[in-house]
Amino acid sequence: MASRRDFLTAFKKPLETEHKEVVLRPPYGLDESLFLSECSKCESKACSTHCEEGIIVIRADGTPTLNFTKSGCTFCEECAKVCPMGVLKLENSEYSDKLNASFFITTESCMAHNKTICFSCKEPCIDDAILFNGMFSPVIDMDRCTGCGFCISRCPTNAIEFSAVLIKKQED
C-alpha cells in the first residue's frame, strides 16, 4: 500500500512541469522600473540576506523575487529597512501590506474541490482570506488576501497559483 505522501505527490507531478516563473516582488516597492534599474547595481543584496522567512531570492538579472515553496511573507519590514538603493521603502504604503499578485485556486488540482477533506491552505491564512463554501469548495477572497504566500507552501498539491501585477508608479 502506498503512503499518504505518495498519494499526494501524484497530484503534484503534472503541475511541476507546467510552472512558469512569475516575477513577484517583495513588499514596499513602488515601481518595477526601479527594481530593474537599481537592484542590478546593488552589491549587498541585503533584502535577501535579511529576510526572516528566507523567501527573497535574487534572480539572474540581479533583482529580487519571492519564492513561496517553503514559507511566506510576514511583512516584517526588514527588507525595506536594509535596502541601500531605496527601491524598497516603508513609505510606499500602497505596497506595504499587500503583494503585487492575485492568488487563485485551481479546481483541477485542489483536493477539496475533488471531494477530499483538506484545509491545508486555510490553516496558515491569518487574514481569513480562504473561504470554504461547504467542505469542498475553497475560494480566495482577494479583498482580504495580502498575497503573503503561506497557503502556497502548505498546499500538498500545489493547487494555489498566482499572477503578478506590474508595479507602476502612479502619476499625481
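Model, not experiment: these values are computed from the prediction. (Residues numbered from 1 in each chain as written. Predicted model: local features only at pLDDT ≥ 70, side-chain atom pairs only at ≥ 80, totals over all residues. Heavy atoms only, no water.)

A few points about the overall build of the protein
Per the secondary structure count, the protein includes 5 helices and 6 strands. Expressed as a percentage of the 172 residues in the protein, the buried residues total 41%. Restricting to contacts in the protein with at least 6 residues of sequence separation, those with at least 24 account for 68%. (Helix = DSSP H or I, 4+ residues; strand = E, 2+ residues; numbered from the N terminus. Buried < 20%, exposed > 50% of the residue type's maximum accessible area, 1.4 Å probe, protein only. Contact = heavy atoms within 4.5 Å.)

Looking at the nonpolar core
In this structure, Phe-68, Leu-88, Phe-103 and Ile-160 are the most contacted members of the largest nonpolar core, which totals 38 residues. The set of elements that each furnish at least two residues to this core consists of helix H4 (78-82), strand S3 (101-105), strand S4 (130-132), helix H5 (150-154) and strand S6 (160-164). Once you skip the residues sitting within four places of it in the chain, Phe-68 turns out to touch Leu-24, Ile-55, Cys-73, Leu-99, Phe-103, Gly-147, Cys-148, Gly-149, Ile-152, Ser-153 and Phe-162. (Core = buried A, V, L, I, M, F, W, Y, C linked by side-chain atoms within 4.5 Å.)

A short note on the packing of aromatic side chains
Across all of its chains, the model carries 4 aromatic pairs by this definition. When the ring of Phe-68 is compared with that of Phe-103, the centres are 6.2 Å apart and the planes differ by 45 degrees; the resulting orientation is tilted. Here the residue Phe-68 occupies a position in the loop between strand S2 (64-66) and H4, and Phe-103 occupies one in strand S3, the gap between them amounting to 35 residues. Side by side, Phe-68 and Phe-103 carry an identical accessibility label, which is buried. (Phe/Tyr/Trp six-rings, centres within 6.5 Å; stacked < 30°, edge-to-face > 60°.)

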